[in-house]
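Structural description and commentary
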Amino acid sequence: LAKDSGKNNYELYKAEKSGMGMEQLTLENSIRRALHHNEFILYYQPQIDVETGEMIGVEALLRWNHPTLGLVPPGKFIPIAEETGLIVAIGEWVLRTACKQNQAWIDAGYKPIKISVNLSTRQFLKRDLVDNLQQILQETGLEPRLLELEITESMTMDVDFAIEVLGELKKLGIGICIDDFGTGYSNLYYMKLFSIDRLKIDQSFVRDIMTDSIDADIVATIVAMAYNLGIDVIAEGVETEDQLNYLKRLRCREVQGYYYYRPMPADELAPMLGSNGS
Ligand code: C2E
Ligand code: MG
Ligand code: MG
Ligand code: MG
């Protein structure tokens with residue numbers, strides 16, 4: 001099975017690299033089919049408050065449960081979905097599914113947590129994003145404060161546009177997090193201007209935090225400045241106890257990574273949610 005999926009992932013890779021060739025068309029068609037055949041699934045990865053050890057949220061991460069390839073990670077198909085515009089329909093499915101799932105956990109008596117959903121550039125730039133979100137929240141009954149959108153620095157290049165859209169999302173009560181923070185060129189002043197709630201420090205900094213003093217310094221600076229501006233910070237890609245302890249020393253309150261949990265299906269996550277009122 002591993003061999004099969006390795007080979008087929010290679011085909012996806014090939015298709016991705018080949019531009020508008022036959023293979024890309026095939027992949028595009030199969031992504032389209034996947035949407036209609038419900039082959040997409042969300043995995044959920046817990047986010048932990050390091051001081052209390054409590055799960056404070058989950059990030060929804062898209063997987064393609066392909067009938068013959070098995071579970072395909074997003075890196076293998078999101079670039080093509082983004083290129084072809086299919087990401088907009090997929091992204092809407094992700095938002096609706098994540099909100100529905102979060103509300104289902106609450107209805108089942110679990111303690112409410114925040115769910116973080118990754119947005120693609122195309123989704124962020126779409127005129128009807130805010131209306132769409134409003135509709136999904138209404139449909140699913142999820143409180144807006146229990147939804148957070150993860151965007152990247154590059155999506156905020158058009159500052160006026162970003163201020164406008166992020167302002168409207170803020171008005172709805174939805175949280176905003178900058179994913180992969182530190183890999184782009186934005187500064188923290190803009191984060192304040194955009195009323196960002198949380199920064200997610202990119203995993204490349206966390207990976208080398210013990211061995212690269214520059215990365216360690218960058219993380220320390222981000223954490224300190226963010227807190228001064230009243231912005232929360234979460235570190236992603238935490239895999240070892242050493243990394244965790246280092247982040248704790250830097251006063252980084254929230255972490256996400258294999259050290260605690262890998263992304264998992266909804267039914268595996270549910271028993272780990274505390275009961276409401278406990
Ligand atoms: P991301 O949003 O930065 O998500 C973090 C990625 O790191 C996830 O990979 C996650 O499984 C992985 N990860 C978590 N903990 C660790 C760790 O301790 N070590 C390491 N090495 N990796 C860890 P995944 O699920 O393959 O997702 C990759 C990227 O695909 C995401 O990066 C995000 O940019 C994109 N993506 C995922 N789901 C969606 C979606 O629903 N919509 C859009 N537009 N993009 C998505
Ligand atoms: Mg993310
Ligand atoms: Mg990230
Ligand atoms: Mg990323």
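Residues numbered from 1 in each chain as written. Chains lettered and ligands numbered in written order. Predicted model: local features only at pLDDT ≥ 70, side-chain atom pairs only at ≥ 80, totals over all residues. Heavy atoms only, no water.

An unreviewed UniProt entry lists the chain under the name EAL domain-containing protein, with Paenibacillus chungangensis as the source organism.

Before going further, it helps to examine the pattern of salt bridges. As a working rule, side chains carrying opposite charge can pair if their charged atoms are close by. Scanning the entire structure with this criterion turns up 14 salt bridges. For lysine 111, the salt bridge goes to glutamate 54, with nearest N and O atoms at 2.3 Å. With lysine 111 in the loop between helix 4 (86–107) and strand 4 (114–118) and glutamate 54 in the loop between strand 1 (40–49) and strand 2 (55–66), this residue pair connects regions lying 57 residues apart in the sequence. Residue class for lysine 111 comes out partly exposed when judged on its relative accessible area of 25%. Glutamate 54 gets classed as partly exposed once you look at its relative accessible area, which sits at 37%. With a shortest N-O distance of 2.8 Å, glutamate 148 and arginine 198 are connected by a salt bridge. Of this pair, glutamate 148 sits in strand 5 (residues 147–152) while arginine 198 sits in strand 7 (residues 198–201), placing them 50 residues apart in sequence. Comparing glutamate 148 with arginine 198 shows no difference in burial state: the two are buried. (Salt bridge = Lys/Arg side-chain N within 4 Å of Asp/Glu carboxyl O. Helix = DSSP H or I, 4+ residues; strand = E, 2+ residues; numbered from the N terminus. Buried < 20%, exposed > 50% of the residue type's maximum accessible area, 1.4 Å probe, protein only.)

Protein coordination of the magnesium ion (ligand 2) is provided by Glu59 (OE), Asn118 (OD1), Glu150 (OE) and Asp179 (OD), with donor distances spanning 2.0 to 2.2 Å. Positions of the donor residues of the magnesium ion (ligand 2), expressed as sequence spacing, correspond to E-x58-N-x31-E-x28-D. Between the magnesium ion (ligand 2) and the magnesium ion (ligand 3) the interatomic distance comes to 4.2 Å, and aspartate 179 is a ligand of both metals. Residue glutamate 59 is located in strand 2, and its partner asparagine 118 is located in strand 4; the two are separated by 59 residues in the primary sequence. Taking the relative accessible area as the measure of exposure, glutamate 59 reaches 3% and is therefore buried. (Donors = N, O, S within 2.8 Å, 3.2 Å for Na, K, Ca; no water.)

With a probe scaled to a water molecule rolled over the atoms, the places where space remains empty come into view. Estimated volume of the largest pocket: approximately 740 Å³. Considering the residues around the largest pocket, the lining is formed by 35 residues, among which Glu59, Leu61, Pro74, Asn118 and Asp179 are closest to the centre. Those elements that provide at least two residues to the lining of the largest pocket are strand 1, strand 2, helix 3 (78–84), helix 4, helix 5 (121–125), strand 5 and strand 6 (175–181). In terms of residues, the lining of the largest pocket owes the most to one element, strand 2, which gives 5 residues. The residue makeup of the lining of the largest pocket, split by class, is 15 nonpolar, 12 polar and 8 charged. (1 Å grid on protein atoms, 1.4 Å probe; cavity = no way out; pocket = protein on both sides within 12 Å on 5 of 7 lines; lining within 4 Å. Points joined across faces, edges and corners; volume = space filled by probe spheres on them. Nonpolar A, V, L, I, M, F, W, Y, C, P; charged D, E, K, R; others polar.)

With that settled, the discussion passes to the packing of helix 6 (residues 129–140) against helix 7 (residues 159–172). Axes are the key here: two packed helices are described by the angle between their axes and the distance separating the axes. Running from N to C, helix 6 and helix 7 point in directions that differ by 15 degrees, and their axes come no closer than 10 Å. Taken as axis vectors, helix 6 and helix 7 run roughly parallel relative to one another. At the point where helix 6 passes helix 7, the crossing takes the right-handed sense. Residue-level contacts link Leu129, Val130, Leu133 and Gln134 of helix 6 to Val165, Glu168, Leu169 and Leu172 of helix 7. (Axes fitted to C-alpha atoms, helices over the stretch in contact; angles between N-to-C directions. Parallel < 35°, antiparallel > 145°, perpendicular 65-115°, else oblique. Left-handed = near helix turned anticlockwise from the far one by under 90°. Contact = heavy atoms within 4.5 Å.)

Turning to the site of ligand 1, a few remarks are in order. Surrounding ligand 1, one finds 22 residues, the nearest of these being Arg63, Asp179, Gln203, Glu239 and Tyr258. Glutamate 59 places a side-chain nitrogen or oxygen 3.0 Å from an oxygen atom of ligand 1. Glutamine 203 places a side-chain nitrogen or oxygen 2.8 Å from an oxygen atom of ligand 1. Summarising the interface, the protein chains cover 81% of the accessible area of ligand 1, which totals 790 Å² for the free molecule. (Near = heavy atom within 4 Å. Polar contact = N/O pair within 3.5 Å; in protein donor to acceptor, adjacent residues only side chain to side chain. Areas by Shrake-Rupley, 256 points an atom, 1.4 Å probe, with all protein chains shown as cover.)

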